[in-house]
Amino acid sequence: MSTLKAVRGTRDLLPPETELWNFVEETARRVFARYNFGEIRTPIFEDTGLFARGVGEETDIVSKEMYTWEDRARAQSEKSQSLTLRPENTAGVVRAYIEHKLGETGLLQKLYYIGPQFRRERPQKGRYRQFYQIGAEVIGPPSAGSESPLRDAEVLEMLATLLDELGIQGWKLVINSVGSSSDRPRYIAALREALRDKAPLMCVDCQRRAETNPLRVLDCKVPEDQPIIETLPKIADYLDEDSKAHFAAVCAALDACGVRYDVDPRLVRGLDYYTRTTFEFTHGGLGAQNALLGGGRYDGLSEALGGPKAPGIGFAMGEDRLILTLQAQAAQQSAPADAYLAPLGEAQNAAALGLARELRRAGLRIELGDGGFRLKKSFEIGNKLARKIILLGEDELKSGILTVKDFASGEQVKVAWAELATALRSR
Ligand code: HAM
């Protein structure tokens, strides 16, 4: 009999890896608490209509990726209903906001969630069919200041803090504005116009989207379509004065608190509910699935779901991708240092420290030995800790030419002081 395995795109999380998951979740809860967010837990399945209306019929998520089934009535008092495993959590949070009349408090609701989401995507590194998100939403009546660009900047600053506290190195933030509901029709009209001639040259999905929802053409990942997408009108040219001022204020607040970002005018994100600010934090170490997290403003979502006016902004981080990034970083840190720098006598210790400083400032990982060690000992320690050893004696100091030995190949070369950083980088 064949043995049963976890379903494609799902996986078991086992110790000791689960410790890292707990560390990430505890860090997130601690940071969210400092910004006065409270936890919300919504059901894992919802009425299918919630996602169709909230996320948008024509998005990839709703049109291709949802796990949907017809839930049969069990009693006469029940109706059969189309249900869906949640592909994301924002629609559920806004449904709960409306259902529990949270807007009537007159205050901003600052809610976070941690939990599984489900999308039938093609599994690959960093992309699963059951994946985990850590997300948060700030939503409330306009009188509570929910439309203010300060809210956008505060959420982004909180994310920068969280990624730093998690120890994620080298993240990048890209932001854009996709305009308000009044900018959108003008932009969509311009896109439709531009796509009239170009859509027939694009993939079949784009040919359909050009008719049904032209904005989604910009999500297309087909390589042959990219040069055409580059020529399409940009949303930034269709923002009205209010939207431009809103975006400028978000950027100014980020500048004021020192959070670095790039503006990408093509960042529209693949969900229909976004208005004004959209953003992603990316990480180079993740490969094709490089978005650690994404989010943005959704000023009309509550009304689209039959609720009161309740502008909001939020994000969701891919917890699986955060873990992959932390694991890759840890593996890199436990790898051998670039070089072991061995002063050949105590008289060279001070110069060796200066050279180590120079190399470390150039981004290299250097283990500094001690001129009090015998040469044999330096080689033994160096071999354990580093890929190469640099010898720095009296002659080397005088001539400015150093001896570098590669432990793996045994090759020994002479390198000028000024060339050392480059030589150490070459494998
Ligand atoms: P999203 O961009 O669809 O946005 O997903 C957010 C993040 O979830 C992505 O950046 C990625 O890290 C992770 N993610 C998405 N799909 C997968 C997958 N198949 N496998 C692994 N990780 C994945 C949303 O979900 C919005 N609800 C975010 C939001 C909140 N916007 C406003 N509020």
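Residues numbered from 1 in each chain as written. Predicted model: local features only at pLDDT ≥ 70, side-chain atom pairs only at ≥ 80, totals over all residues. Heavy atoms only, no water.

Caption draft 1: Here's a closer look at the site of the ligand. Surrounding the ligand, one finds 27 residues, the nearest of these being Glu-88, Thr-90, Glu-121, Tyr-128 and Tyr-274. Here an oxygen atom of the ligand and a side-chain polar atom of Arg-119 are 2.9 Å apart. Contacts to the ligand include Arg-269, whose side-chain N or O atom sits 2.9 Å from an oxygen atom. Burial of the ligand by the protein amounts to 96% of the accessible area it has alone, namely 660 Å². Of all the secondary-structure elements, those providing two or more residues to the shell around the ligand are strand E6 (130-139), strand E10 (291-297) and strand E11 (312-318). When residues in the shell around the ligand are grouped by element, the largest group, 6 residues, is from E10. (Near = heavy atom within 4 Å. Polar contact = N/O pair within 3.5 Å; in protein donor to acceptor, adjacent residues only side chain to side chain. Areas by Shrake-Rupley, 256 points an atom, 1.4 Å probe, with all protein chains shown as cover. Helix = DSSP H or I, 4+ residues; strand = E, 2+ residues; numbered from the N terminus.)

Caption draft 2: Examining the packing of helix H5 (residues 149-166) against helix H9 (residues 241-257) more closely. The contact between H5 and H9 brings their axes to 8 Å, and the two run at 40°. As the angle between them shows, H5 and H9 are arranged oblique. When you trace H5 past H9, the crossing you get is right-handed. Across the interface between the two elements, Pro-149, Asp-152, Ala-153, Leu-156 and Glu-157 of H5 pack against His-246, Ala-249, Val-250, Ala-253, Leu-254 and Cys-257 of H9. For the contact of H5 with H9, the class distribution of residues is 8 nonpolar, 1 polar and 2 charged. (Axes fitted to C-alpha atoms, helices over the stretch in contact; angles between N-to-C directions. Parallel < 35°, antiparallel > 145°, perpendicular 65-115°, else oblique. Left-handed = near helix turned anticlockwise from the far one by under 90°. Contact = heavy atoms within 4.5 Å. Nonpolar A, V, L, I, M, F, W, Y, C, P; charged D, E, K, R; others polar.)

Caption draft 3: Local environment of the state of the cysteines. This structure, assessed with the given rule, holds 0 disulfides. Sulfur of Cys-203: no disulfide; nearest cysteine sulfur belongs to Cys-206 and is 3.7 Å away. Judged by relative accessible area, Cys-206 falls into the buried class, the value being 0%. (Disulfide = S-S within 2.5 Å. Buried < 20%, exposed > 50% of the residue type's maximum accessible area, 1.4 Å probe, protein only.)

Caption draft 4: Representation of the domain arrangement of the protein chain. We note that the domain assignment places domain 1 (17-73 + 80-168 + 274-330) and domain 2 (336-425) within the protein chain. Computed from C-alpha coordinates alone, the two centres of domain 1 and domain 2 are separated by 49 Å. (Domains from an automatic or database assignment.)

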